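# Fold and geometry: a report
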Amino acid sequence: MLALLASGSSRSSSNNKLAESENSAQNSNNMSWGTELWDQNENLAIHTNRGIDALDKFANFLRDRVAIETEYAGKLRRLVKNYQPKKKEEEDNEFTSVQAFRNLLKEVGDLAGQREVVSESLQLQIIAGVTLLSKTLREDRKKCLSDGATLQQNLTTQLSSLDRAKRNYEKAYRDSEKAVDSYKRADMDLNLSRAEVERYKNVMTSKIQQSDDAKNEYANQLQKTNNLQQQHYSMLLPSVLNRLQELDEKRTRGFREFIVGAADVESSVAPIIARCMEGIVKAGESINEKEDTFKVIERYQSGFTPPRDIPFEDLSKCDPDSVQESHYSNSTSNHLTIRGTMSANKLKKRVGIFNIFGSNKNSLTADGQKEDFSDLPPNQRRKKLQAKIAELTQNIAQETKARDGLMKMKIVYEANSSLGNPMTVEGQLNESEHKLEKLKVDLKKYQGFLEKASQVPTATSSPQASRNQLQNGHRTSRHSNGSADDHHDDGDDQPDDAGSLSRSDSEDNVAQIQNGHNNNNNGSSASPESGLGTSHTSLPGSGQGSANENAIGEDTYYETEVETLNPVGKCRALYPFEASSEGSIPMNEGEELQVIEIDQGDGWTRVRRENNSNGWDEGFVPTSYIECTLYA
């Protein structure tokens, strides 16, 4: 019941307020400054001036806001630019969190664009309108005040004339009164002559006439003043004041429209800003931690199995002459890196003395990896090869379309020579055919790489190819005529070159055992294990000898006594390996071998095993297939 009474009372009060507002609106429509404020000309002038000043203040407010909006938009754009992913970070674009951040930056850039739209709209629509209105109002106000001042000056002049006429009439009246009194005294005075009395009478008559004239002038001026004053306060001044009223109402109405217009400008971009916010929320919701985790696994999974338990090494049962002090290290230098090689940062690599004349036969990619990606773990290698094959396939499709287009153009030119010369297309067509053929060769090559990489477990590349890659920077070269190039630099490089020479001799011994000393007469073996043949580090002209000279050089080389190298460690086979290239030896899973020479960065390690038939077998095995333990 109380709630009903309260609601009824509130409803009645609201109705009363509505009625009062309607009445006040009707009354205001009936009121005007000309009738209600006829005597407040100065106050109205001050009021209109303050109103225009307020309009100018609003314009200044809008200018400052436009400056803030422009600065805000510019800083947002700089912020987006500064946080754009760098080129070296492009590989992380596959992660959903990184993609979401890129989408966030895009939406923030769109927000900056909308702030610029607000700034431009306020500048062109609102501020320009406010400035024009203020200028117009000041000119109209000045004219109204000038007209009002003119009317007031006219009224003041008329009032002065009336006052002057009244003073003249008062003076003339007093003078006539004195003249009448003087004539009456003279007429009663018996001592005066008739002539003197007549003179007083004439003066009296003259003064009376002047008083009457002044009276008539005063009456005339009074009538004019009353008429002018009535016209001034009833028509002329209200007209000026009403013009001031219209001017002030125009200013107030413009103030309202500009405020609403500024809000409309803001509201016009609100839907787009809301869509930007929705895009940011959508970008945040698109982040999937499980998907990112899976992509991390895909990127870094090597395909290797964890190392097995380290076996116990009983020194009492080992030959003290052949066993050297060893230790196991848990550091990363004794484990396989992500590229599948031993981390030998502290081991010095041998450098050939003719390295400046050499060139890698196995070229590197733009990021420094081998062409067949054999330096990567199996899984990563397959992914790289698959991506390369997809890229080549796409390039072949594009080049095929370009070639077909050139062929069609050539046919059109041949049918209508006025359209063009067919020979101009011939060169482009030949170039396109050459590119297409090269792409197909590369595709076939990488498909072969992928096929080999998919055959698990097999070697990713031969020791011959891998050794050829590093012979420029890590091995002492040998002339193509078979003579050993044992020149070396002074100082610290001597032991390295000596080691390279002994390694080459031992490798040639391995080649002799496997190949039965069978070499062609066109040069030495192409394998890097022999250090002959395809070496790019030979001096100019050293490989230009005759076949007989090459044969003599080879015989001399193979008759050289082979120096037996001491083992530098031992290793255990993680996977079985079938030797499929010259210089390599097979091994079984779990087999233990001696390490003769560690990986030089080419992905191959030289090992030795005991053989019942001829004593020892030496050769190369993939570094990623073994677990090494180096002697101290």
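I will try to describe carefully the structure that is included in this document. All values derive from a computational prediction rather than experimental measurement. (Residues numbered from 1 in each chain as written. Predicted model: local features only at pLDDT ≥ 70, side-chain atom pairs only at ≥ 80, totals over all residues. Heavy atoms only, no water.)

Below, the discussion takes up the packing of aromatic side chains. All chains considered together, the criterion is met by 9 aromatic pairs. Summarising the aromatic geometry, the rings of Trp 38 and Tyr 233 are spaced 5.3 Å apart at their centres and angled 85° between planes, so their arrangement reads as edge-to-face. Here Tyr 233 lies in helix H5 (residues 194-285) and Trp 38 lies in the loop between helix H2 (33-36) and helix H3 (41-82), a separation of 195 residues in the sequence. Measuring from ring centre to ring centre gives 5.0 Å for Phe 58 and Phe 255, while their planes differ by 40°; the resulting arrangement is tilted. Residue Phe 58 is found in helix H3, and its partner Phe 255 is found in helix H5; the two are separated by 197 residues along the sequence. Grouping residues by exposure puts Phe 58 and Phe 255 together as buried. Among the aromatic side chains, those forming a connected cluster through ring pairs are Tyr 575, Phe 577, Trp 604 and Tyr 625. The aromatic ring of Tyr 200 is capped on one face by Arg 199, whose charged end is 4.9 Å from the ring centroid. (Phe/Tyr/Trp six-rings, centres within 6.5 Å; stacked < 30°, edge-to-face > 60°. Helix = DSSP H or I, 4+ residues; strand = E, 2+ residues; numbered from the N terminus. Buried < 20%, exposed > 50% of the residue type's maximum accessible area, 1.4 Å probe, protein only. Lys NZ or Arg CZ within 6 Å of the ring centre and 35° of its normal.)

Further remarks concern the pairing of strand S5 (residues 626-630). Taking burial as the measure, the 5 residues of S5 include 4 buried ones, the bulk of the element. As paired strands, strand S1 (residues 569-573) and S5 are joined by 5 bridges and run antiparallel to one another. Within S5, the position partnered with Ala 573 by the bridge is Ile 626. (Pairing = 2+ DSSP bridges.)

Quick look at the environment of Glu 42 now. Looking at the element boundaries, Glu 42 is found in helix H3. Judged by its relative accessible area of 65%, Glu 42 falls in the exposed class. Between the alpha carbons of Glu 42 and Leu 145 there is a distance of 9.4 Å; along the sequence they are 103 residues apart.

What follows is about the packing of H3 against H5. Following both chains from N to C, one finds H3 and H5 inclined at 15°, their axes separated by 10 Å at the closest point. Considering their axes alone, H3 and H5 lie roughly parallel with respect to each other. Where H3 crosses over H5, the two elements pack in a sense that is left-handed. Of the residues in H5, those in contact with Asn 41, Leu 44, His 47, Thr 48, Gly 51, Ile 52, Ala 54, Leu 55, Phe 58 and Arg 65 of H3 are Leu 241, Leu 244, Leu 247, Asp 248, Arg 251, Phe 255, Phe 258, Ile 259 and Glu 266. For the contact of H3 with H5, the per-class residue count stands at 11 nonpolar, 4 polar and 4 charged. (Axes fitted to C-alpha atoms, helices over the stretch in contact; angles between N-to-C directions. Parallel < 35°, antiparallel > 145°, perpendicular 65-115°, else oblique. Left-handed = near helix turned anticlockwise from the far one by under 90°. Contact = heavy atoms within 4.5 Å. Nonpolar A, V, L, I, M, F, W, Y, C, P; charged D, E, K, R; others polar.)

Side chains carrying opposite charge are able to pair once their charged atoms draw close together. Under the criterion given, the structure shown has 25 salt bridges. Residue Glu 116 pairs with Arg 77 through a salt bridge whose shortest N-O separation is 2.9 Å. On the criterion of sequence distance, the pair formed by Glu 116 in helix H4 (residues 96-188) and Arg 77 in helix H3 is long-range, its members being 39 residues apart. For Arg 77, a relative accessible area of 39% translates into the label partly exposed. Two residues, Lys 438 and Asp 442, come together in a salt bridge whose shortest N-O distance is 3.4 Å. One end of the pair, Lys 438, and the other, Asp 442, are both in helix H8 (residues 422-454), 4 residues apart, so they sit about a helical turn from each other. (Salt bridge = Lys/Arg side-chain N within 4 Å of Asp/Glu carboxyl O.)

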